[in-house]
Amino acid sequence: TLAAWIYIGATASDRVIMHKVNAYGLNLAYSAGGVGGAAGKIGFHRFAGASWSSVNSTSNQPLNSWVFVVGTYDGTSSKIYINGNYEASTDNATATGVNNNALTLGYNSTAGLSGQLDDTRIYNYALTATQIKTLYNNGAVNFGPATGTP
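Residues numbered from 1 in each chain as written. Predicted model: local features only at pLDDT ≥ 70, side-chain atom pairs only at ≥ 80, totals over all residues. Heavy atoms only, no water.

Draft legend 1. Expanded view of the pairing of strand S1 (residues 2-8). Of all seven residues in S1, six are buried; the element is thus mostly enclosed. Sheet topology note: the S1/strand S10 (residues 115-122) ladder contains six bridges and is antiparallel. Paired with Ile-6 across the bridge in S10 is Leu-117. (Buried < 20%, exposed > 50% of the residue type's maximum accessible area, 1.4 Å probe, protein only. Helix = DSSP H or I, 4+ residues; strand = E, 2+ residues; numbered from the N terminus. Pairing = 2+ DSSP bridges.)

Draft legend 2. Layout of the side chain of Glu-87. Within the element layout of this structure, Glu-87 appears in strand S8 (residues 85-91). A polar side-chain atom of Glu-87 sits 2.6 Å from a polar atom in the side chain of Ser-59. In this structure, Glu-87 is in contact with Ser-57, Thr-58, Ser-59, Ile-80, Tyr-81 and Ile-82, ignoring residues within four places of it in sequence. (Polar contact = N/O pair within 3.5 Å; in protein donor to acceptor, adjacent residues only side chain to side chain. Contact = heavy atoms within 4.5 Å.)

Draft legend 3. View of the packing of aromatic side chains. Counted according to the given criterion, the structure contains six aromatic pairs. Relative to Tyr-136, the ring of Trp-5 lies with its centre 5.7 Å away and its plane at 20 degrees, an arrangement referred to as stacked. You can see Trp-5 sitting in strand S1 and its partner Tyr-136 sitting in helix H1 (residues 129-140), a full 131 residues away along the chain. Judged by its relative accessible area of 21%, Tyr-136 is partly exposed. Each residue in the set Trp-5, Phe-68 and Tyr-136 is aromatic and connected to the rest through ring pairs, giving one cluster. The aromatic ring of Tyr-73 is capped on one face by Arg-46, whose charged end is 3.5 Å from the ring centroid. (Phe/Tyr/Trp six-rings, centres within 6.5 Å; stacked < 30°, edge-to-face > 60°. Lys NZ or Arg CZ within 6 Å of the ring centre and 35° of its normal.)

Draft legend 4. How the structure looks around the sheet that holds S1. Strand order in the open sheet formed by five strands is S8-S7-S6-S1-S10, and the pairing between neighbours is antiparallel. Strands with a single pairing partner mark the edges of an open sheet, and in this sheet they are S8 and S10. Averaged over neighbouring strand pairs, the angle between their axes works out to 15 degrees when direction is ignored. (Axes fitted to C-alpha atoms, helices over the stretch in contact; angles between N-to-C directions.)

Below, the structure written as structure tokens:
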């Protein structure tokens, strides 16, 4: 599972949120015409065997606002969630590859995120829909106590 709060400032091409080059290949990318074929879509991608397996958001994401994005893979299905809500899935049981390439946040060799990242998380298991909704609700607004120490 990959999860992140992202602030999409502007876009002119694919914008990487998280990326691990070939083989491990989990990445969330914002697109202006590439991922999902339309601007405003967010995709969750895995390198499975010799090709990429992708699932894209169904909703368009607005510029200049915070969005909570989660991509999960449970060994059978890849799923994408936006702001705690399930959007889409695709089945592909081919295992995600493993390599020693660096994991990058907010960029890869060809594209960078024009915006901000916050509370990026990587889990070695697929979060459930309930866990994702809890993360979203806890992260949307989380103030400490009015007095004293947290």
